[in-house]
Amino acid sequence: MGDYSTETILTSIFMITVSVVAVLGNFLVILAILWNRKLRTVCNFLFLNLAVADMLQGAIAMPLRLADQLNQTDNSPLIPCLVVIPLTVFLFGASNFNLTLISLDRYIALRRPFIYPILAEPHRAAFIVGMSWVLISIIAFLPLMGWGAADSADVADICLYSTTLSREYLFMLFSIVNLSVIVILAFTNYFILKTARNQIRRIKVNESRGSTTLDRPSTIYKEEPSVTVVSVRATTDPIDDLAPRMPRPGGSKERRATKIVLIVVGIFVFLTTPITVIDIISLLGCPTCTPLTLVKITVFMAYANACVNVFIYAGFNTEMRNTWVSIFRSIKQAIFTCFGRQEPM
């Protein structure tokens, strides 16, 4: 086996790092959601599915790509391209679909907050997520079933979409997995951003009005003290406690979830757009227009997206951070108990 170039060594180290972080980080996200009942919401269930897809990218797709890169034989890839590419399409497409469902969830929560609990019932969410996995598996593995493989799939020296998949299949793939996802994400996140800006403006107006009211002496309690009594009785009526509580649009949890979604989507677009553009250029008839080094960099950027979400959750989700601390303490306590030692204070 010949010596590897500096470029190959650096990119291999990068891929190994991203792969390890993606597997461990997304495993922590999955573990936290399963561990803490407070995190078992529909939105977090969608994040869990996204974490599963990203973890599998780090555990399966990236090692396959790494093996393809380290292969130095001139005849054929170490692992057949009709194995590497369909698995890549499957896992990458699963991330796209799950991210689309997350954006749609936030869109419905903000657009129709009073019917959102009905539309987002757990069994409905589970059915939709399951159908998305079935759909992307059918799309991804069509080349293995006899439709979508290119004539050069078995003789290419490196596994690329343009050399492994047929032109017709690529058109279908980009229309469903890329173009439709981009359109949905653009529409939903434009509305989410617009709603978030309106809510921030409304909060600032309410705060300014509240401070103005506090500066003025109140005359209600002086002239009509009975109003206060009636108000207290109304709010402490046990019947009111039994009435169904509707979700408040723009609540703190909703705003936090919306912020996380916007950041996740923004980073996804930044990291995956370059390889999408290169694939479209290749699809339009110029597969050699982009240097191979640039293709590898954009592929690595797309894979890096699989490991960044855990840092977003750690930075913006206090409950998830506290859950990780609780898990660590439980494991630490179990270790000390197993070895018959008392945990140091």
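Per chain, residue numbering runs from 1 following the sequence as it is written. Residues qualify for local features only when their pLDDT is at least 70, as the model is predicted, and side-chain atom pairs are given and counted only at 80 or more; totals for whole chains, interfaces and linings, by contrast, use all residues. To get the side-chain values, all heavy atoms of the structure are used, and hydrogens and water are removed first.

*Asks:* Describe in detail the environment of Phe-92, supporting the description with residues and values.
*Replies:* Only runs of H or I of at least four residues qualify as helices and only runs of E of at least two qualify as strands under DSSP, and these elements are numbered from the N terminus. Summarising the element assignment, Phe-92 is placed in helix H3 (residues 81-111). Distance in space between the C-alpha atoms of Phe-92 and Ala-140 is 9.7 Å, their sequence separation being 48 residues. The contact criterion used is simple: two residues touch if any of their non-hydrogen atoms lie within 4.5 Å. In contact with Phe-92, not counting residues within four places along its chain, are Gln-57, Thr-272 and Ala-302.

*Asks:* Just give me the short version of the side chain of Thr-188, but keep the residues and values in it.
*Replies:* As for its position among the elements, Thr-188 is in helix H8 (residues 167-215). The buried label goes to any residue with under 20% of its type's maximum accessible area, the exposed label to any with over 50%, and the partly exposed label to all in between, with areas taken from a 1.4 Å probe on protein chains only. Thr-188 sits in the buried class, given a relative accessible area of 1%. A 3.5 Å cut-off defines polar contacts: any pair of N or O atoms within that distance qualifies, except that in protein one atom must be a possible hydrogen donor and the other a possible acceptor, and neighbouring residues in sequence count only when both atoms are side-chain atoms. At 2.8 Å, the side chain of Thr-188 and the backbone oxygen of Ile-184 are in polar contact. For Thr-188, the residues in contact, after removing those within four places along its chain, are Ser-103, Leu-104 and Tyr-107.

*Asks:* Mind laying out the environment of Ser-282, listing which residues take part and the relevant values?
*Replies:* Within the secondary structure, Ser-282 sits in helix H12 (residues 252-283). C-alpha of Ser-282 to C-alpha of Thr-163: the two residues are 119 residues apart in sequence and 9.7 Å apart in space.

*Asks:* Lay out the packing of aromatic side chains with the relevant residues and their values.
*Replies:* Within 6.5 Å between ring centres, the rings of Phe, Tyr and Trp (the latter by its six-membered ring) count as paired, and their orientation is classed by plane angle as stacked under 30 degrees, edge-to-face over 60, tilted in between. Counted by the stated rule, this structure contains five aromatic pairs. Ring plane angle 50° and centroid distance 5.4 Å describe the contact between Tyr-107 and Phe-187, whose orientation is recorded as tilted. Highlighted residues: Tyr-107 in helix H3 and Phe-187 in helix H8, separated in sequence by 80 residues. Judged by relative accessible area, which is 17%, Tyr-107 ranks as buried. Linked through ring pairs, Phe-90, Trp-133 and Phe-141 together constitute an aromatic cluster.

*Asks:* Just give me the short version of the nonpolar core, but keep the residues and values in it.
*Replies:* Among the nonpolar cores identified, the biggest contains 69 residues, and Val-29, Phe-47, Tyr-161, Leu-173, Val-264, Tyr-313 and Met-320 are the most heavily contacted of them. Secondary-structure elements contributing two or more residues to this core are helix H1 (6-35), helix H2 (42-70), H3, helix H5 (122-140), H8, H12, helix H13 (292-316) and helix H14 (318-338). Excluding residues within four positions of it along the chain, Met-320 makes contact with Val-29, Ala-32, Ile-33, Leu-39 and Tyr-313. Judged by nonpolar contacts, the second largest core, of five residues, contains Ala-109, Tyr-116, Ala-120 and Ala-125. To define a nonpolar core, start from buried Ala, Val, Leu, Ile, Met, Phe, Trp, Tyr and Cys residues and group those joined through side-chain atoms within 4.5 Å.

*Asks:* Which residues make up a nonpolar patch on the surface, and what values go with them?
*Replies:* Residues qualify for a patch when their relative accessible area is over 30% and they have no salt bridge, like charges being joined within 9 Å and the nonpolar side chains of Val, Leu, Ile, Met, Phe, Trp and Tyr within 5 Å. Working definition of accessibility: Shrake-Rupley area with a 1.4 Å probe, residue cover restricted to the visible protein chains. For this document, the term salt bridge refers to a Lys or Arg side-chain nitrogen within 4 Å of an Asp or Glu carboxyl oxygen. On the surface, Phe-114, Ile-115, Ile-118 and Leu-119 cluster together into a nonpolar patch covering about 370 Å² of accessible area. Mapped onto the fold, Ile-118 is located in helix H4 (residues 116-119).

*Asks:* Tell me about the pattern of salt bridges, and name the residues and values.
*Replies:* Side chains that differ in sign of charge can pair as their charged atoms come close. Overall, the coordinates contain one salt bridge when judged by the stated rule. Linking Asp-105 and Arg-106 is a salt bridge whose minimum nitrogen-to-oxygen distance equals 3.0 Å. A residue is classified by how much of its surface remains accessible, and Asp-105, at 7% relative accessible area, is buried. Residue Arg-106 is classed as buried on the basis of its relative accessible area, which comes to 2%.

*Asks:* Any details on the packing of H1 against H2? Residues and values, ideally.
*Replies:* Structural elements are reduced to axes, namely lines fitted to C-alpha atoms, with helices fitted over the stretch in contact, and the angle between N-to-C directions of any two is expressed from 0 to 180 degrees. In contact at an axis separation of 8 Å, H1 and H2 are set at 155° when each is read in the N-to-C sense. What the angle tells us is that H1 and H2 run roughly antiparallel. Where H1 crosses over H2, the two elements pack in a sense that is left-handed. Here the residues of the contact of H1 with H2 are counted per class, giving 19 nonpolar, eight polar and two charged. Angle categories: roughly parallel below 35 degrees, roughly antiparallel above 145, roughly perpendicular from 65 to 115, and oblique for all the rest. Each crossing gets its hand from how the near helix is turned against the far one by less than a right angle, where anticlockwise is left-handed and clockwise is right-handed. Classes in brief: Ala, Val, Leu, Ile, Met, Phe, Trp, Tyr, Cys and Pro nonpolar; Asp, Glu, Lys and Arg charged; the others, Gly included, polar.

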